[in-house]
Amino acid sequence: IGEGYTSKSGGNHAEINAINSVRDKTLLKNSYLFVTLEPCVHHGKTTPCTEKIIKNQFKGVYVGCIDPNKLVCGKGIKKLNDNKISVETNILKRECEDHHKRFITYHTKKRPYIILKWAESQDGYISPEKKNNNRPFWISNKYSRQLVHKWRCEEHGIIIGSKTHISDTPKLDGRYWNKNSNNKFIISNSQIINEPFIQINYGKKSIIKSVIEVLYKKNIQSIIVEGGLK
């Protein structure tokens, strides 16, 4: 009788949008709610979904996977049970965990979900070691570049090294797909920062460890790495 998915950050969660999509709200007290992730029980950017579910007196809720966020993690299910709403868990668990892999990785491994992307010819060629201009060297075509722009728009952030920034001066946007904007990072210890990039200084630490720590603290749940030849 209704369906919904989570809005952009700060907007309604999927449960609220699904409930709001139902024209005849009197049907809800005899209905079951199916969700991929455990309904939230805490006040964040939105009010708890559990409150809305309880208010509408759903007969039961089917949950795909438990929310690993320590603010929820079983508390949403307990809240529903305490209010006499039956809950069944692990419905298509593997599929739901894959669907939420970015969110789950961030909360369980304390780092973003990491995607590595590069273009390479069949014989292992990426780009020339020396160029005459600060522009990308393309071995891909316009269709594969559009696909990359789609990927960019689906992730929370993009990261490159300082050499790629200097040699290619890439925009790292999604202009061939849509105008979604994400966070852009440069790995460097030299002061080459310019908007809209955020610089990550790694000092004497491991580069990977430093990058992960910074991204986690900045609440980046997924990152696409677009490094160059070196």
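Everything below is about the structure printed above this text.
It should be emphasised that the depicted structure is a prediction, and the values quoted were computed from it without experimental measurement. Counting restarts for each chain, with residues numbered from 1 along the sequence as it is written. Per-residue local features are limited, in this predicted model, to residues with pLDDT of at least 70; the limit for side-chain atom pairs, both in listing and counting, is 80 or more; totals at the level of whole chains, interfaces and linings are taken over all residues. As a convention, hydrogens and water are excluded, and side-chain values are obtained from all of the structure's heavy atoms.

> How would you explain the overall build of the chain if you had to name every residue and give the values?
Secondary structure elements are taken from DSSP: a helix is a run of H or I of four residues or more, a strand is a run of E of two residues or more, and numbering for both begins at the N terminus. Helix and strand content of the chain: 8 helices and 8 strands. To get the radius of gyration, use the C-alpha atoms; to get the globule rule, take the number of residues to the power 0.38 and multiply by 2.2 Å. Here the chain has a C-alpha radius of gyration of 22 Å; the compact-globule value for 230 residues is 17 Å, and the former is much larger. Overall, the C-alpha framework of the chain stretches about 70 × 40 × 30 Å when taken along its three principal axes. Contacts are assigned to residue pairs with any non-hydrogen atoms lying within 4.5 Å of each other. Expressed as a percentage of contacts within the chain between residues at least 6 apart in sequence, the contacts between residues at least 24 apart total 67%. Of the roughly 14,900 Å² that the chain leaves accessible, carbon and sulfur atoms contribute 51%. In the chain, 39 side chains carry a positive charge and 21 a negative one; their mean positions are 5 Å apart. Exposure was quantified through the Shrake-Rupley algorithm and a 1.4 Å probe, taking into account, for residues, occlusion by the shown protein chains and nothing else. Asp and Glu count as negative and Lys and Arg as positive, but His and the ends of the chain are not part of the count. Every charge is mapped onto a representative atom, which is NZ of Lys, CZ of Arg, CG of Asp or CD of Glu.

> Go over the sheet that holds strand S3 (residues 86-88) with me, naming the residues and quoting the values.
DSSP-based pairing: two strands are paired if at least 2 bridges between them are found. What the 3 strands build is an open sheet, ordered S1-S2-S3; its pairing is parallel. One side of each edge strand has no neighbouring strand; the edge strands of this open sheet are strand S1 (32-37) and S3. Averaged over all pairs of adjacent strands, the angle between strand axes in this sheet comes to 20°, irrespective of strand direction. Note on geometry: axes are C-alpha line fits, over the in-contact stretch for helices, and angles between N-to-C directions span 0 to 180 degrees.

> Explain the environment of Lys131 to me, using residue names and the numbers behind them.
Among the structural elements, Lys131 can be located in the loop between strand S4 (113-116) and helix H6 (142-154). On a C-alpha basis, the gap between Lys131 and Asp168 in space is 9.6 Å, while along the polypeptide they are 37 residues apart. With residues up to four places along the chain from it excluded, the contact list for Lys131 reads Pro136, Phe137, Ser167 and Asp168.

> How would you explain the pattern of salt bridges if you had to name every residue and give the values?
Here, a salt bridge means any Lys or Arg side-chain nitrogen found within 4 Å of an Asp or Glu carboxyl oxygen. As enumerated under the stated definition, the model contains 7 salt bridges in all. Two residues, Lys101 and Asp98, come together in a salt bridge whose shortest N-O distance is 3.7 Å. Burial classes follow relative accessibility: with a 1.4 Å probe on protein chains only, a residue under 20% of its type's maximum area counts as buried, one over 50% as exposed, and anything between as partly exposed. Taking the relative accessible area as the measure of exposure, Asp98 reaches 46% and is therefore partly exposed. Between Glu226 and Arg152 there is a salt bridge; the shortest N-O distance is 2.7 Å. Placement of the pair is Glu226 in the segment after strand S8 (222-225) and Arg152 in helix H6, with a sequence separation of 74 residues. Among the residues examined, Arg152 registers a relative accessible area of 9% and is labelled buried.

> Could you give me a rundown of helix H3 (residues 75-82), with the residues and numbers involved?
The set of residues buried in H3 consists of Gly76, Ile77 and Leu80. Each buried residue of H3 lies within a common arc of 100° when the element is viewed along its axis, so the set occupies one face. Turned more than 90 degrees off the buried face of H3, the exposed positions are Lys78 and Asp82. Here the buried face of H3 lies against helix H2 (49-55), strand S2 (60-65) and S3. Starting at the helix axis, one direction is taken to each C-beta atom, and the arc is that of these directions.

> Could you give me a rundown of the sheet that holds strand S7 (residues 197-200), with the residues and numbers involved?
One key point about sheets: their strands pair by backbone hydrogen bonds, in either a parallel or an antiparallel sense. Strand order in the open sheet made by the 5 strands is S4-S8-S5-S6-S7, with parallel pairing throughout. One side of each edge strand has no neighbouring strand; the edge strands of this open sheet are S4 and S7. Between one strand axis and the next, the sheet turns by 25° as a mean value, whatever way the strands run. The sheet contact formed by strand S6 (residues 183-187) and S7 spans 4 bridges and is parallel. Bridged to Lys184 within S7 is Phe197. Strands in contact with helix H8 (residues 207-217) are strand S5 (157-161), S6, S7 and S8; relative to S7, the strand with the most contacts, it is inclined by about 130°.

> An account of the layout of surface pockets is requested, with residue identities and associated values reported.
Its volume calculated, the second largest pocket comes out at about 990 Å³. In this structure, the second largest pocket is lined by 39 residues; those nearest its centre are Pro136, Phe137, Trp138, Thr164 and Asp168. Ranked by residue count, the leading element in the lining of the second largest pocket is H6, at 7 residues. A breakdown of the residues in the lining of the second largest pocket according to their chemical character gives 15 nonpolar, 11 polar and 13 charged. The distinction between a cavity and a pocket rests on a 1 Å grid over the protein atoms alone: a 1.4 Å probe fits inside a cavity but cannot get out, while a pocket stays open yet meets protein on both sides within 12 Å along at least five of seven lines, and a residue with an atom within 4 Å of a point counts as lining. Grid points are joined across faces, edges and corners, and a volume is the space filled by probe spheres set on the points. Under the grouping applied here, Gly and all other residues not named as nonpolar or charged are polar, the nonpolar ones being Ala, Val, Leu, Ile, Met, Phe, Trp, Tyr, Cys and Pro and the charged ones Asp, Glu, Lys and Arg.

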